[in-house]
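As a plain string of letters, each chain reads:
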Amino acid sequence: MDDRIEPAMDVVNNEQLNNKNIAVDITVTGTVTDSDGETIPGVTVFVPGTTTGTATDLMGQYSISVPEDATLSFSYIGYVTQSIAVGNRTVLDVVLEEDVTSMDEVLVIGYGTAKKSDLTGSVARISMKDKANQANVNLFQALIGASAGVNLEGRGGASSEPELSIRGKTSLSASDGPLIVMDGVIYNGSISNINVNDVETIDILKDASAAAVYGSRSANGVLLITTKKGTSEKPVISFGMYTGFQDMTNNSMRVMNGDEFANRLVDWDHQSKVYEWYKTNPTSAEGRPQRADLTNRETVGSYLKTFEEQQNYLAGNEINWVDQVLQVAPMQNYNLSLQGMTERSTYYVSGSFTDVEGIQKNDKFKRFTLRSNVESEITDWLTFGLNVSYSSRDNSGIPTSLSNARDASPLVNNYIGEPNYDIYLGGELFQPYPLVYKYIDNSDIDNELFAVGRIKVKVPWIEGLNYEFNYSQVYANSNNNTFHSSLTPQGVSNRGLAIKNPSESTDFNINNIISYSKGFGDHQINSTFLFSREGRSGNSSTLTASGFENEILGYNNIGLAEVITGSSSAYEENSLAYMARVNYSFQSKYMFTGTVRRDGFSGFGAGNKWATFPSASLAWVASDEPFLENLGVYLKLRTSYGKNGNQGIGRYSSLSRMGTRYYVYGQSTAIGLYPSNLGNENLAWETTTSYNLGLDFGLWQNRITGSFNAYTATTTDVLVLRQLPRTAGYANIWTNIGGLKNKGVEFDLRSINMDGLFRWETNFTFALNRDEITKLYGGENDNDIGNGWFVGESLSALYDYEMAGGVWTEEEFFSGNTLDGWYPGQFRYVDQNGDGAIDPTNDRKVIGNESPSYRFSINNSLTYNNFTLSIFVNSIQGGKNYYLADNAAIINPLFYFPDRRNNSAVNQYWTPENPTTNTTGIYNVPQRQSGVYQSRSFVRIQDISLGYTFGQNFLNKLNLQSAQVYIASKNPYVWTNWQGWDPETGVSDTPLMRNFILGLNLSL
């Protein structure tokens, strides 16, 4: 028998062994079989943490020499890896169990669970165990690129949440966010309040059939979050921590330094004269105004606008304001938990503390969480459970402004760190002091308490009949208090400005669930019936005070202010729902699921509060058919149809509302009421009808598994916040108009490339989505230019002038080949109607889309002995005309007062002496202006981690159950042609960050 792995062992004699206290090697033999008693050839048999190993022969037998106290691991694709202590045994026979973690794992499907092999809808599972070695402050960060069709884009800031959608947009104005369900109940709290370490799995319901049980809230998909519970009879205490830092992702962004800042004013003055000269229609460069000598610092300095800028320029003093507002930001996280189980109870208790700073100074986020999950089987037929979580978030502080830093003069006096400073640099209103937000006193504290209580009853006299009652409540309060002193832009004109904004909300959910499961030979029926009620209420107040003679107490004593105003609001809304679902299976080969849900929502018009949402789906396990069952593959075909609703417009949108306005009446101020919002009593549900065709497959004993889905969704009665003409007296109105179409494909693939001492797994995802507006206000070719909506185009269509390529040249101008009124150094636009002029009515068109063309991700996980390396690559691509954004403010001179603000130095601007082809001149005043669009396509190393798990000998010495150390990085590098801060955040001045951490996980 040949060993699969060549042993690398030193030969030593017994005396050496005794001297080193190493146990004498023994030879262990045995046979490896499956649960049916069949032998398994090729099983890897090895000692974890060493290079000692072998493989079973064709008869499933093995022989290996190991120390007496060794542990042997048995690994084979499609089976659960087993680790067994040898002790003093010389014969060790092993039975491997089939790995059911792929096709037969139990998924949460909404008001119940089901094996993946029994599903008829499109459901994906994300295990948080795979994300344990990542610095995910927010739960959504862990989902980026994890499953096809789950679309996330990262956002900047210490407490940011990635933008999430499932299978693209299905609405014009209503919310596109998915429904969040935690531990079986709808969760209306903040995702930032959830401790990532408390989450066991996330199941994602993508298609209409899978999500239909949540009817009115499920048009945008459903995320089912399951938190941890006790799984070990022995109480287990676990501790995890990481510490590290964050900084800016790699990019080409740069603003002008002192010399460039000064030179641009010389060029601005020179080009203003050149453009006046162009208006005389010259035919050659003869007579063109001459540029001042840039090598003469006295001459250049004379163009600067303030005396202090001139003096600092001549002295060589300058400030890089971008560097001043940024920092290398520390981050740390600590998590402690206790979990266990008894014969009738399970428990899980945890606490965590997170302290993260953003790369913009004064950007801080702290979070403290507590959680307790307890479930107890009181009798054989009665179970009680209580899950409670508490979170306190501190977002106090207003981050320094990168936008202000980009505009700021590098040649002003340096008052950084001094108590007195210029609120506006050099007296220029376009240049607020970039660090001024550090001097704004802000306290922003949020608290949330979430509790779920449930009672489960197994009806004793009817086998398979169960009843569950659960009640959940989310209570949240927020206190956001801010004081702008007279040394800040908002405070200087108000002699101090204090704003207090407290708010609180309460959401409750009551579910009554009856389920029945029964098998009849080859037939299996599972049914679920639901009655649900939701209620949401809240209130908020705003207190504003100005005119402080004494500012020392700020917002803590607004009674010191001369002018105090206040306002308050409150709300309440309610929902009711009934649902019935039936799952039928024949021989676990032919499956059907049918669901009907009826929803009522108080926010719609009196005659339209209720809607019914049906769905149906079929599945066929083709690989169980006689003609395929001997091929060793798994194939399941799925198809589904369903309707889902969207109520995401907020409360009271169907009602006309009144506003208040102050006016002078005689010698006093009076308060008047006026109609502020126009109601619509016919406002009704937005409905999305979806079809899905799917294929699940497993090849070579599930060495390769995956799924393919193709879907289409049509939305009717689209909820739109329609703009109204000024003569109507109202700005807009909510109404049901128009239609949308959404279609796409998704592909998930998982492969075990190598197994044994060295294990290599790969996960690949791909998703493509297209959306289209099919109807707006009634006409075939309706266009709403104000909102950017065009029939036949994407929701994210970009409507602008089309670039004809580069800028006009002097050669073209002197020869008379430019359009009338256009000059060299100005962008060349396509004259769409050929009339010789560029005008907004006739020469603008849809030139591209903001939404991506497709997304993909690849994750490789490699394990060798005790080391684990994970490399996750994520990409969003725009192809030819997708995933575009207007980056004019970064890659081109500013259109608006470029002489009064600093400019980007990413690209050289055009000059008559050194013309460019992709930028305009610094004197940038064309007849028409457009965006300058760049692709945001990127390929990013999203996460990379290297971990080491300590062996049993080390753990025994410290009485530990497990121990691991790791290093990891999020967003360490990105490949892109985007020239801003980061392609994923686009034109935002709150860029994405990368982090580097060192972590430790222990359990005992």
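Predicted, not measured: the structure shown is a model, and the values here were computed from it. (Residues numbered from 1 in each chain as written. Predicted model: local features only at pLDDT ≥ 70, side-chain atom pairs only at ≥ 80, totals over all residues. Heavy atoms only, no water.)

## As for the overall build of the protein chain
- Counting its secondary structure elements, the protein chain contains 11 helices and 50 strands.
- Expected size for 1004 residues packed as a compact globule is a radius of gyration near 30 Å; at 33 Å, the protein chain falls within 12% of this value.
- In terms of overall dimensions, the protein chain has a C-alpha envelope of 100 × 80 × 65 Å along the principal axes.
- Put simply, the protein chain has 1004 residues, and 50% of those count as buried.
- Within the protein chain, contacts between residues at least 6 apart in sequence are counted, and of these 69% link residues at least 24 apart.
- Carbon and sulfur atoms provide 52% of the accessible area of the protein chain, an area that totals close to 45,000 Å².
- Each charge sign in the protein chain was given a centre, from 74 positive and 106 negative side chains, and these centres are 4 Å apart. (Helix = DSSP H or I, 4+ residues; strand = E, 2+ residues; numbered from the N terminus. Rg over C-alpha atoms; globule rule 2.2 N^0.38 Å. Buried < 20%, exposed > 50% of the residue type's maximum accessible area, 1.4 Å probe, protein only. Contact = heavy atoms within 4.5 Å. Areas by Shrake-Rupley, 256 points an atom, 1.4 Å probe, with all protein chains shown as cover. Lys, Arg positive; Asp, Glu negative; His and termini not counted. Charge placed at Lys NZ, Arg CZ, Asp CG, Glu CD.)

## So, the environment of Gln473
- Here Gln473 is to be found in strand β23 (residues 465-484).
- Accessibility expressed as a relative area gives 30% for Gln473, which makes it partly exposed.
- Spatially, the C-alpha atom of Gln473 lies 35 Å from that of Gly554, the residues being 81 residues apart in sequence.
- Filtering out sequence-adjacent residues up to four positions away, Gln473 remains in contact with Leu449, Phe450, Ala451, Thr506, Asp507 and Phe508.

## What about the sheet that holds strand β6 (residues 82-85)?
- Strand order in the open sheet formed by four strands is β3-β2-β5-β6, and the pairing between neighbours is antiparallel. Two strands bound the open sheet, and with one partner strand each, they are β3 (53-55) and β6. Pairwise comparison of adjacent strand axes, ignoring direction, gives a mean angle of 20° for this sheet.
- Bridge count for strand β5 (residues 71-75) against β6 is four bridges, and the pairing is antiparallel. Residue pairing across strands places Phe74 opposite Gln82, the latter belonging to β6. (Pairing = 2+ DSSP bridges. Axes fitted to C-alpha atoms, helices over the stretch in contact; angles between N-to-C directions.)

## Here's the deal with the nonpolar core
- Core analysis: the largest hydrophobic core is formed by 42 residues, its most contacted members being Tyr278, Trp321, Val322, Leu326, Leu402 and Tyr433.
- Taken together, the elements giving at least two residues each to this core come down to α3 (258-278), α6 (321-325), α7 (402-407), α9 (810-814), β42 (827-829) and α10 (888-891).
- Counting residues per element, this core draws most heavily on α3, at four residues.
- Not counting residues up to four positions away in its chain, the partners in contact with Tyr433 are Trp321, Tyr415, Ile416, Gly417, Tyr421, Asp422, Ile423, Leu425 and Tyr439.
- Among the nonpolar cores identified, the runner-up in size contains 26 residues, and Phe140, Tyr187, Val199 and Phe450 belong to it. (Core = buried A, V, L, I, M, F, W, Y, C linked by side-chain atoms within 4.5 Å.)

## A closer look at the pairing of strand β13 (residues 179-182)
- Every second residue of β13 is oriented toward a common face, with Leu179 and Val181 on one face and Ile180 and Met182 on the other, all of them buried.
- Across four bridges, the pairing between β13 and strand β16 (residues 222-227) is parallel. Directly across from Leu179, in β16, lies its bridge partner Val222.
- The pairing of β13 with strand β14 (residues 185-186) spans two bridges and is antiparallel. Counterpart to Val181 in the pairing with β14 is Ile186.

## Considering the sheet that holds β14
- Across the sheet, five strands lie side by side as β10-β15-β16-β13-β14; this open sheet has mixed pairing. This sheet does not close on itself; its edge strands, each paired only once, are β10 (123-127) and β14.

## A short note on helix α5 (residues 307-315)
- Along α5, the positions that sit buried rather than exposed are Glu308, Glu309, Asn312 and Tyr313. Taken end-on, α5 shows its buried residues confined to a sector of 130°, consistent with a single buried face. Set apart from the buried face of α5 by more than 90 degrees, the exposed residues are Phe307 and Ala315.
- Gly316 occupies a position one or two residues after α5 and carries a positive phi of about 80°. (Arc of directions from axis to C-beta.)

## Quick notes on the environment of Gly980
- Relative to the helices and strands, Gly980 is located in the loop between β49 (962-976) and β50 (993-1003).
- Aside from chain neighbours lying at most four places away, what touches Gly980 is Asn251, Met253, Asn887 and Ile890.

## Overview of α3
- The first and last C-alpha atoms of α3 sit 30 Å apart over 21 residues, in line with the 30 Å expected at 1.5 Å per residue.
- In terms of residue burial, α3 counts as a mostly covered element, since 15 of its 21 residues are buried.
- For α3, the N-terminal capping position is held by Asn257, with its side-chain oxygen 3.2 Å away from the main-chain nitrogen of Asp259. (Expected span 1.5 Å × (residues − 1). Polar contact = N/O pair within 3.5 Å; in protein donor to acceptor, adjacent residues only side chain to side chain.)

## Quick word on the pattern of salt bridges
- Evaluation of the coordinates by the stated rule reveals 42 salt bridges.
- Across the salt bridge formed by Asp259 and Arg297, the nearest N and O atoms sit 3.3 Å from each other. With Asp259 in helix α3 and Arg297 in helix α4 (residues 297-301), this residue pair connects regions lying 38 residues apart in the sequence.
- On the basis of relative accessibility, which here comes to 35%, the residue Asp259 falls in the partly exposed class.
- Assessed through its relative accessible area of 34%, Arg297 is described here as partly exposed.
- Put simply, Arg344 and Asp380 hold a salt bridge, and the shortest N to O gap is 3.1 Å. Taken together, the positions of Arg344 in the loop between β18 (329-341) and β19 (345-357) and Asp380 in the loop between β20 (364-377) and β21 (382-394) put the pair 36 residues apart, joining distant regions of the chain.
- A single network of salt bridges, built from pairs that share partners, joins Glu153, Arg155, Glu163, Arg855 and Arg936. (Salt bridge = Lys/Arg side-chain N within 4 Å of Asp/Glu carboxyl O.)

## Considering the domain arrangement of the protein chain
- Domain boundaries in the protein chain define domain 1 (25-95), domain 2 (106-238) and domain 3 (258-325).
- Computed over C-alpha atoms, the centres of domain 1 and domain 3 are 79 Å apart. (Domains from an automatic or database assignment.)

## Observations regarding the packing of aromatic side chains
- Within this structure, the stated rule accounts for 39 aromatic pairs.
- Plain terms: the ring middles of Trp321 and Tyr433 are 5.8 Å apart, the flat faces sit at 90° to each other, and that makes the pair edge-to-face. Here Trp321 is found in helix α6, whereas its partner Tyr433 is found in the loop between α7 and β22 (441-458), with 112 residues between them in sequence.
- Residue Trp321 is classed as buried on the basis of its relative accessible area, which comes to 2%. (Phe/Tyr/Trp six-rings, centres within 6.5 Å; stacked < 30°, edge-to-face > 60°.)

## Topic: the side chain of Asn709
- Examined against the element boundaries, Asn709 turns out to sit in strand β33 (residues 704-716).
- Owing to a relative accessible area of 3%, Asn709 belongs among the buried residues under this scheme.
- Here the side chain of Asn709 touches Arg638 through a polar contact of 3.1 Å, side chain to side chain.
- Each residue touching Asn709, except ones within four places of it in the same chain, is listed here: Ser122, Arg167, Arg638, Asn692, Leu693, Gly694, Gly744, Val745 and Glu746.

## Here we look at unusual backbone geometry
- Backbone geometry at Arg167 places phi at a positive 60°, although glycine is not the residue there.
- The exposure class assigned to Arg167 is buried, which follows from its relative accessible area of 7%.
- The backbone phi angle of Tyr883 is positive, close to 55°, even though this residue is not glycine.
- By secondary structure assignment, the location of Tyr883 is in the loop between β45 (867-877) and β46 (884-886).

## Topic: the environment of Glu551
- Structurally, Glu551 can be placed in the loop between β25 (523-548) and β26 (561-586).
- Along the chain, Glu551 and Ser486 lie 65 residues apart, while their C-alpha atoms are 8.4 Å from each other.
- Those residues within four positions of Glu551 in sequence are excluded, and the remaining contacts are Phe483, Ser485, Ser486, Arg495 and Gly496.

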